[in-house]
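Read off the chains here:
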Amino acid sequence: MSFVSLIESVSLFVPLSTMAQGWRDVATSRDFPNITYNPENFYQTSAILATFLETISLKYRAKDLLQPMILADFCSDLSAYGLKMSAANLGLPFNMSTACDTLEQPKHIFTHLTPNSEVSRGQMMQTVVRGIHRSQIAALEPRASSSVLSVFPYADASLKMQKYLERFDSANVIPVMTCETPMPVKVPYPEEIFAKIISAATSGSQYLTEKPLRISSIPVLAGITSTKHLMGTIDSLHVEAEKVKLGKLCRFRETGLESDEYTEVLHKLLDFRDLYDDRVAL
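This structure is a prediction, so every number in the text was calculated from the model and none was measured.

Can you explain unusual backbone geometry? Please cite residues and give values.
Omega for the bond connecting leucine 92 with proline 93 falls within 30 degrees of zero, at -20°, which places this linkage in the cis form. For proline 93, the position within the fold is in the loop between strand S1 (87–91) and helix H5 (96–101). Cis geometry marks the peptide bond from valine 187 to proline 188, where omega comes out at 15°. Relative to the helices and strands, proline 188 is located in the loop between strand S6 (183–184) and helix H8 (195–199). Positive phi is not limited to glycine here, since tyrosine 81 has a value of about 60°.

Here is the structure:
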């Protein structure tokens, strides 16, 4: 019911969860290859989701941009044709060396944060990359036998990263925002999730202070993707919602919700799902 309310009242919404499934079975968490994540630790979960929100919102919060984006434009770029639900992606930390390796053998450089979805291709994508110096992006050079990086004759770091993401994700990437300042890590951020980085650290690591070894800042990639692949996500929600028997739930009866009203909500959810049908051209 909350989904239908969002469809009717907002310009854009992005379901967030660190779990692979989000409706009834939430036993399996997403894989975060670069951090040590305990899904039973709600504090760590909150930190991961907050990292995504804090980073992606820089698109319209940053004050030092030549052409700052307003929130309305941010939403409208992703919600054309009534596709108001989008998917979230997070690279934590964003590993630039991994990004370079994927130029010849593409693989995921981020983790999906939208439950019941495995979005691999999108129509539109808003992206923020922070904590990566322009010189690192400029250093992206083609391997001797690679033609992939022929897309990189660009001097501008943001445009260069945009062209890379378009090649990787096959999406129409709206100009990428690149910010050289990494996300600071300080109390009360749960630093234990970076145990993998600390254990593999050397004295020359740019993300560590001298003593004791601790993470002081991290590079992050955050993205929101508008894609018709979310049709399956909405369909799975409808299937689970249809299993609910109102007569067995006294809380629903106490609110005065009638079965006809609930059936209408399910129909609206199906109508919204149909907008994501691949047979309907954008």
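Next comes the rest of the account.
Run through the nonpolar core, naming residues and quoting values.
Within the largest apolar cluster, 31 residues are counted, with the highest numbers of intra-cluster contacts made by Leu92 and Phe194. At the level of secondary structure, the elements contributing two or more residues to this core comprise helix H2 (42–56), helix H4 (71–76), S1 and strand S8 (220–226). The greatest single-element share of this core, amounting to 5 residues, is contributed by H2. Filtering out sequence-adjacent residues up to four positions away, phenylalanine 194 remains in contact with Ile35, Leu92, Pro93, Val185, Tyr189, Ile215 and Ile218. Among the nonpolar cores identified, the runner-up in size contains 14 residues, and Phe13, Met85, Leu230 and Leu237 belong to it.

Before we move on, could you go through the pattern of salt bridges and cite the residues and values that matter?
A full pass over the atoms with the stated rule returns 7 salt bridges. Across the pair glutamate 54 and arginine 61 runs a salt bridge whose closest N-O atoms are separated by 3.5 Å. Across the salt bridge formed by glutamate 54 and arginine 130, the nearest N and O atoms sit 2.3 Å from each other. Linking glutamate 54 in helix H2 with arginine 130 in strand S3 (residues 124–130), this pair joins segments that are 76 residues apart in sequence. Arginine 130 gets classed as buried once you look at its relative accessible area, which sits at 6%. Residues participating in the shared-partner salt-bridge network are Glu8, Glu264 and Lys268.

An account of the environment of leucine 92 is needed here, citing residue identities and associated values.
Summarising the element assignment, leucine 92 is placed in the loop between S1 and H5. As a C-alpha pair, leucine 92 and alanine 222 span 130 residues in sequence and 8.6 Å in three-dimensional space. Ignoring anything within four residues of it in the chain, the contact list for leucine 92 reads Asn34, Ile35, Ile48, Thr51, Tyr189, Phe194, Ile218 and Val220.

Lay out the UniProt feature "signal peptide" (unreviewed entry) in the chain with the relevant residues and their values.
UniProt marks residues 1–22 with the feature "signal peptide" (unreviewed entry), using the numbering shown here. Annotation note: span residues 1–22, helix share 36%, strand share 0%, distance between end C-alpha atoms 15 Å.

Hey, could you go over the side chain of asparagine 116 for me, with residue numbers and the actual values?
In this fold, asparagine 116 is placed in the loop between strand S2 (111–112) and S3. For asparagine 116, the contacting residues outside a window of four places in its chain are Ala20, Gln21, Gly22, Trp23, Arg30, Thr233 and Ser236.

Describe in detail helix H1 (residues 2–9), supporting the description with residues and values.
Among all positions in H1, only Phe3, Val4 and Ile7 are buried. End-on view of H1: buried residues confined to an arc of 100°, all on one side of the axis. The exposed residues of H1 that point more than 90 degrees off its buried face are Ser2 and Ser9.

I'd like a rundown of helix H11 (residues 259–274), residues and numbers included.
One turn of the α-helix equals 3.6 residues, which is why residues spaced by three or four share an orientation. Compared with an ideal rise of 1.5 Å per residue, which puts 16 residues at 22 Å, H11 spans 23 Å between its outermost C-alpha atoms and is within 8% of the ideal. Buried within H11 we find Tyr262, Val265, Leu266, Leu269, Phe272 and Arg273. Along H11, the residues classed as buried sweep out an arc of 115° about the axis, all on the same side. Looking at H11, the residues exposed on the side facing more than 90 degrees away from the buried face are Asp260 and Asp271. Lining the buried residues of H11 we find H1 and helix H9 (231–242).

The rules we used
- Residues numbered from 1 in each chain as written.
- Predicted model: local features only at pLDDT ≥ 70, side-chain atom pairs only at ≥ 80, totals over all residues.
- Heavy atoms only, no water.
- Helix = DSSP H or I, 4+ residues; strand = E, 2+ residues; numbered from the N terminus.
- Core = buried A, V, L, I, M, F, W, Y, C linked by side-chain atoms within 4.5 Å.
- Buried < 20%, exposed > 50% of the residue type's maximum accessible area, 1.4 Å probe, protein only.
- Contact = heavy atoms within 4.5 Å.
- Salt bridge = Lys/Arg side-chain N within 4 Å of Asp/Glu carboxyl O.
- UniProt positions renumbered as here; feature names shortened; annotations may be inferred.
- Arc of directions from axis to C-beta.
- Expected span 1.5 Å × (residues − 1).

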